[in-house]
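# Residue-level structure breakdown
So the chains spell out like this:
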Amino acid sequence: MSQLMIFGAGYSGRAIAKSLQDSMVRVCGTTRSAEQADKLRSLGITPFIFDGETLDGAIRSELSTVTHLVQSIAPGRTGDPPMRLCGGDLKSLMPQLEWVAYLSTVGVYGNHDGAWVDEETPCKPVSARSLERVEAEQAWTKAADDAFVPLCILRLSGIYGPGRNGFMNLEKGTARRLIKQDQVFNRIRVEDIGAASAFLVSRNASGIFNVTDDEPAPPQDVVTFAAELMGIEPPPEQSFETAELSPMARSFYGENKRVSNGKLRDMGFSFRFPDYRASLRQLWESGAWKDEWTFI
């Protein structure tokens, strides 16, 4: 019987859980707070409190029967939390493990001055957080190989969907139209992360996969389109060079690339939301843009 554990059942993890609930006899996920645990339980996800530092007896007992694992917790300076706690030996905690997914980021590719990248492109991370992701990918690859378990590394682009989107920013008055010459970003609807995960599980797949939309686009275009759907004026354009930004926000603009999803498509996967226009229109017209606990 298939049992799923999601380390870090946050926004993407919940979408994955929903996509896999029909194919798993039990779906569990970790969170840091009792409040979030109650919300997970309402979605049919059995919650476990995990602080990233210790695995209590309840989690260890659950892991002993887990067959499928999704790791969504970001690494830090001390490395990847689940990997650190198992010492790289996956079967020591999960003797019945059959399949693993590690959620990474397209940030591992670094900057390519707007050129296209795919899964064969060498990683050249720019930021410290992307370097930590590369190190985590390498650790999970070795651990999965040692355990003879297939591993899918999902490199995700900018995640958005219900409750986390440009409409929310426009409504709060925090949206900005920053202009940087030739800058583009890829994006991905959170539901497509879930669907891609279910697709890969169904094929017992392994390897690296870019989970991203078809159309890398300038960020200001996305803001403008969202404002048009809302029937409001978009915020004024601002030059990136002179805008006041946090170091983290500015660092995102230091990476400019177009990320291909051809590998997943060639396997037969179809994205439900392949571009931001169709996706934002659906979010707005359905009203789902307001609630991040609604995956449609």
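Structure: see above.
## With respect to the sheet that holds strand β2 (residues 26–31)
- Read across the sheet, 7 strands follow the order β3-β2-β1-β4-β5-β7-β11 without closing on themselves; strand pairing throughout is parallel. What marks the edges here is a single partner per strand, and that holds for β3 (46–49) and β11 (207–211). The mean angle between the axes of side-by-side strands here comes to 20°, regardless of whether they run parallel or antiparallel.

## Considering the pairing of strand β5 (residues 99–105)
- Of all the 7 residues making up β5, 6 are buried; the element is thus mostly covered by neighbouring parts of the structure.
- In terms of strand pairing, strand β4 (residues 68–71) meets β5 through 4 bridges, oriented parallel. Considered in β5, the bridge of valine 70 is made with alanine 101.
- Both β5 and strand β7 (residues 151–156) contribute to a ladder of 6 bridges, which runs parallel. Looking at β7, one finds that serine 104 is bridged to arginine 155.

## Structural notes on the packing of aromatic side chains
- This structure, assessed with the given rule, holds 10 aromatic pairs.
- Connected via pairs of aromatic rings, a cluster forms that spans Phe167, Trp284 and Trp289.
- Looking at arginine 129, its charged tip hangs above the ring of phenylalanine 252, at a distance of 4.3 Å from the centre.
- Positioned above the aromatic ring of phenylalanine 273 is the side chain of arginine 189, whose terminal nitrogen or guanidinium carbon lies 3.7 Å from the ring centre.

## A word on the packing of helix α9 (residues 219–230) against helix α12 (residues 276–286)
- Axis separation between α9 and α12 bottoms out at 10 Å; the angle between their running directions is 35°. Both α9 and α12 take part in a crossing whose hand is right-handed. Residue-level inspection shows Asp221, Val222, Phe225, Ala226, Leu229 and Met230 of α9 in contact with α12, the latter providing Tyr276, Arg277, Leu280, Arg281 and Trp284.
- Class assignment of the residues belonging to the contact of α9 with α12 gives a composition of 8 nonpolar, no polar and 3 charged.

## Digging into the side chain of threonine 212
- Position of threonine 212 relative to the elements: it lies in the loop between β11 and α9.
- Residue threonine 212 is classed as buried on the basis of its relative accessible area of 0%.
- Looking at threonine 212, its side chain comes within polar contact range of the side chain of serine 157, at 2.9 Å.
- Side chain to side chain, threonine 212 and asparagine 186 meet in a polar contact 3.1 Å long.

Calculation notes
- Residues numbered from 1 in each chain as written.
- Predicted model: local features only at pLDDT ≥ 70, side-chain atom pairs only at ≥ 80, totals over all residues.
- Heavy atoms only, no water.
- Pairing = 2+ DSSP bridges.
- Helix = DSSP H or I, 4+ residues; strand = E, 2+ residues; numbered from the N terminus.
- Axes fitted to C-alpha atoms, helices over the stretch in contact; angles between N-to-C directions.
- Buried < 20%, exposed > 50% of the residue type's maximum accessible area, 1.4 Å probe, protein only.
- Phe/Tyr/Trp six-rings, centres within 6.5 Å; stacked < 30°, edge-to-face > 60°.
- Lys NZ or Arg CZ within 6 Å of the ring centre and 35° of its normal.
- Left-handed = near helix turned anticlockwise from the far one by under 90°.
- Contact = heavy atoms within 4.5 Å.
- Nonpolar A, V, L, I, M, F, W, Y, C, P; charged D, E, K, R; others polar.
- Polar contact = N/O pair within 3.5 Å; in protein donor to acceptor, adjacent residues only side chain to side chain.

Nothing here speaks to function; it is geometry throughout.
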